[in-house]
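Residue-level listing of the chains:
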Amino acid sequence: MTLPDIPFNRPYMATRALEFMADAAERGHLSGDGHYTRVGSETLRGLTGSGRVMLTTSCTHALEMCALLLDLDPGDEVIVPSFTFVSTANAFALHGGRPVFVDIDPSTWNIDVAEVERAISPRTRAIVVVHYGGVGCDMRRLRSLADQHGLVLIEDNAHGLGASIDGQPLGSLGDMATLSFHETKNIQCGEGGALLLNDERHVERAEIIREKGTDRSRFFRGQVDKYSWVSLGSSFLMSDLLAAFLCSQLEEFELIQAGRSRVWNAYRQGLAEWAVDAGFQLQRCPDGYRHPSHLFALLAPDLEVRTRFIVHMRTKGIAALFHYVPLHSSPQGRLFGAAELPVTDRVSERLVRLPLYSLLSESEVERVLEAALSFPR
Ligand SMILES: *Cc1c(COP(=O)(O)O)cnc(C)c1O
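Source: prediction; values computed, not measured. (Residues numbered from 1 in each chain as written. Predicted model: local features only at pLDDT ≥ 70, side-chain atom pairs only at ≥ 80, totals over all residues. Heavy atoms only, no water.)

## Points about the overall build of the protein chain
Counting secondary structure elements, the protein chain contains 13 helices and 13 strands. Against the globule reference of 21 Å for 377 residues, the protein chain gives a C-alpha radius of gyration of 21 Å, in line with a compact fold. Here the C-alpha coordinates of the protein chain stretch approximately 70 × 55 × 40 Å along the principal axes. Excluding contacts between residues fewer than 6 apart, the proportion of contacts in the protein chain whose partners are at least 24 apart in sequence is 72%. Taken as a whole, the protein chain presents about 16,200 Å² of accessible surface, with 53% of it coming from carbon and sulfur. Taking the average location of the 37 positive side-chain charges in the protein chain and that of its 47 negative ones, the two points are 1 Å from each other. (Helix = DSSP H or I, 4+ residues; strand = E, 2+ residues; numbered from the N terminus. Rg over C-alpha atoms; globule rule 2.2 N^0.38 Å. Contact = heavy atoms within 4.5 Å. Areas by Shrake-Rupley, 256 points an atom, 1.4 Å probe, with all protein chains shown as cover. Lys, Arg positive; Asp, Glu negative; His and termini not counted. Charge placed at Lys NZ, Arg CZ, Asp CG, Glu CD.)

Written out as structure tokens, the structure reads:
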């Protein structure tokens, strides 16, 4: 079959990307925590309302930092959705935790809070949630569950930069949160991420973990006269060259988000009625929840229809993709114990995403809509 001429994603290039990168190089500070890291972190602090922002090499690594901050003992449990990217669970498993997979809500496709409550055991240490498509999880109920059981609440906010619940930004609602700047996310630098800390108590240890287990940050601030190996850590700093690229996108944040939201709204408007007739379901975004147009997904009536839909779009030159092979039944996930998650199974075998990025032109959006509307039922 021919390659789709409307790809699923196109990386974004901000106007000043190369200018900022050249400037970073000229400043002679290519490693982490240079000028652009400071500017980028400050901007992200403003956007997320988070107490402290640390740029990292990826969202996966930011999640690993969360795992290290938890100081997990073997057998400690971390509640995670199965309907997510591998890193949400892998980061904690890699550092000694046992992921306990929990089902999702059939309308928001976010973690099911009643199921979270059922999964809490004396070994539970943390709840990790994913705001699917940047539609927030029910953070009020999750917060009260976490507080009631003394658990750390972590937001894998890879999708949700710029999203909010009743005006409160995602990323500011958990004890810790992470962001991704992978080239498939709204704001990109190729590979990159951030750790957001909303509990002051985690900041000092996070600095040490991020600096290979040393107190180098204290040294740079003149608080100690030499730095040494004080704890376990790794090399989690984003290079300032990439931070410069990131800053060029953050500078165009509103423009990028507006571009994505134009496409998202056109899909929504063009397909809402058709979806009802064709038996396709859209993601529910509760009142007061603002999403950042990270993805546009449809649930087909069943697996057979989804498979035909993807092939149909492909013949029209459009890449439409499925999302998330469930983790609980994956070869690695199964090693942590059997789980039956019927909603996750039913959603993951029916979900399909349409191309969505701010560079998608009006005529391309039209073509995607026409292709979907001409899907033979
Ligand atoms: C993209 C993504 C990640 C991983 O992000 P990286 O920056 O590539 O490590 C983690 N969780 C979710 C939900 C994601 O979508």
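## A short note on the site of the ligand
In the neighbourhood of the ligand, 15 residues make up the surrounding shell, with Thr 60, Asp 156, His 159, Ser 180 and Lys 185 lying closest. In the environment of the ligand, an oxygen atom lies 2.8 Å from a nitrogen or oxygen atom belonging to the side chain of His 159. When the free accessible area of the ligand is taken as 380 Å², the share hidden by the protein chains comes to 93%. Among the cavities detected, the one that contains the ligand is the largest pocket. Tallied by class, the residues present in the shell around the ligand amount to 5 nonpolar, 8 polar and 2 charged. (Near = heavy atom within 4 Å. Polar contact = N/O pair within 3.5 Å; in protein donor to acceptor, adjacent residues only side chain to side chain. 1 Å grid on protein atoms, 1.4 Å probe; cavity = no way out; pocket = protein on both sides within 12 Å on 5 of 7 lines; lining within 4 Å. Sits in = over half its atoms within 2 Å of the grid points. Nonpolar A, V, L, I, M, F, W, Y, C, P; charged D, E, K, R; others polar.)

## Things to note about empty space enclosed by the protein
Under the defined criterion, the tally for this structure stands at 2 cavities of 30 Å³ or more. Volume-wise, the largest cavity comes out at about 70 Å³. Lining the largest cavity, in full, are Asn 157, Ala 158, His 159, Gly 160, Leu 161, Leu 179, Ser 180, Phe 181, Lys 185, Asn 186, Ile 187 and His 294. Residue classes in the lining of the largest cavity are distributed as 5 nonpolar, 6 polar and 1 charged. If you add up the space inside the second largest cavity, you get close to 50 Å³. (Points joined across faces, edges and corners; volume = space filled by probe spheres on them.)

## Comments concerning the layout of surface pockets
Roughly 610 Å³ of volume is contained in the largest pocket. Lining the largest pocket are 34 residues, and of these Phe 85, Thr 184, Lys 185, His 323 and Tyr 324 lie nearest its centre. Mapped onto the lining of the largest pocket, the elements with two or more residues apiece are α3 (59–70), α4 (87–94) and β13 (351–354). Per-element accounting of the lining of the largest pocket gives the leading share, 3 residues, to α3. Considered class by class, the residues forming the lining of the largest pocket number 15 nonpolar, 14 polar and 5 charged. The residue makeup of the lining of the largest pocket includes at least three contributed by each of domain 1 (17–251) and domain 2 (253–373). Space inside the second largest pocket adds up to approximately 520 Å³. With 5 residues, the top contributor of residues to the lining of the second largest pocket is helix α2 (residues 35–48). Tallied by class, the residues present in the lining of the second largest pocket amount to 5 nonpolar, 7 polar and 11 charged. (Domains from an automatic or database assignment.)

## Observations concerning the state of the cysteines
As used here, a disulfide is simply a covalent bond connecting the sulfur atoms of two cysteines. Applying the stated criterion across every chain, the model contains 0 disulfides. The closest cysteine sulfur to the non-disulfide-bonded Cys 189 is located on Cys 247, 9.7 Å from its own sulfur. Here Cys 189 falls in the buried class, since its relative accessible area comes to 4%. Cys 285 takes part in no disulfide bond, and the closest cysteine sulfur to it belongs to Cys 137, at a distance of 12 Å. Exposure remark for Cys 285: the relative accessible area of 29% places this residue in the partly exposed category. (Disulfide = S-S within 2.5 Å. Buried < 20%, exposed > 50% of the residue type's maximum accessible area, 1.4 Å probe, protein only.)

## Some thoughts on the domain arrangement of the protein chain
As assigned here, the protein chain comprises domain 1 (17–251) and domain 2 (253–373). In this assembly, 43 residues from domain 1 lie in contact with 35 residues from domain 2. Across the interface of domain 1 and domain 2, roughly 3,400 Å² is buried in total on both sides, 62% from carbon and sulfur atoms. When the buried surface of domain 1 facing domain 2 is broken down by residue, Phe 101, Trp 109 and Asn 186 rank first, second and third, together holding 20% of it. At the junction of domain 1 with domain 2, the criterion picks out 0 salt bridges. Connecting domain 1 to domain 2 are 20 residue pairs in polar contact (both at pLDDT 80 or more). (Buried area = accessible area lost by both parts, 1.4 Å probe. Salt bridge = Lys/Arg side-chain N within 4 Å of Asp/Glu carboxyl O.)

## A look at the packing of helix α1 (residues 17–26) against helix α9 (residues 240–250)
Axis separation between α1 and α9 bottoms out at 8 Å; the angle between their running directions is 150°. One finds that α1 runs roughly antiparallel with respect to α9. Relative to α9, α1 is oriented so that their crossing is right-handed. Contact with α1, carried on its side by Ala 17, Phe 20, Met 21, Ala 24 and Ala 25, involves Asp 240, Leu 241, Ala 244, Phe 245, Cys 247 and Ser 248 of α9 and no other residues of that element. (Axes fitted to C-alpha atoms, helices over the stretch in contact; angles between N-to-C directions. Parallel < 35°, antiparallel > 145°, perpendicular 65-115°, else oblique. Left-handed = near helix turned anticlockwise from the far one by under 90°.)

## Brief notes about the side chain of Glu 77
Counting through the fold element by element, Glu 77 comes out in strand β2 (residues 77–81). Look past the residues within four positions of Glu 77 in its chain and what remains in contact with it is Arg 98, Val 100, Ser 121, Arg 123, Thr 124, Arg 125 and Ala 126.

## Describing the environment of Glu 42
For Glu 42, the position within the fold is in helix α2. Once the C-alpha coordinates of Glu 42 and Met 139 are considered, the two residues, 97 residues apart in sequence, prove to be 24 Å apart.

## Some details on the environment of Asp 287
Among the secondary structure elements, Asp 287 is positioned in the loop between β10 (281–282) and β11 (289–290). Each C-alpha atom, one on Asp 287 and one on Ile 165, is 8.8 Å from the other, the two residues being 122 residues apart in sequence.

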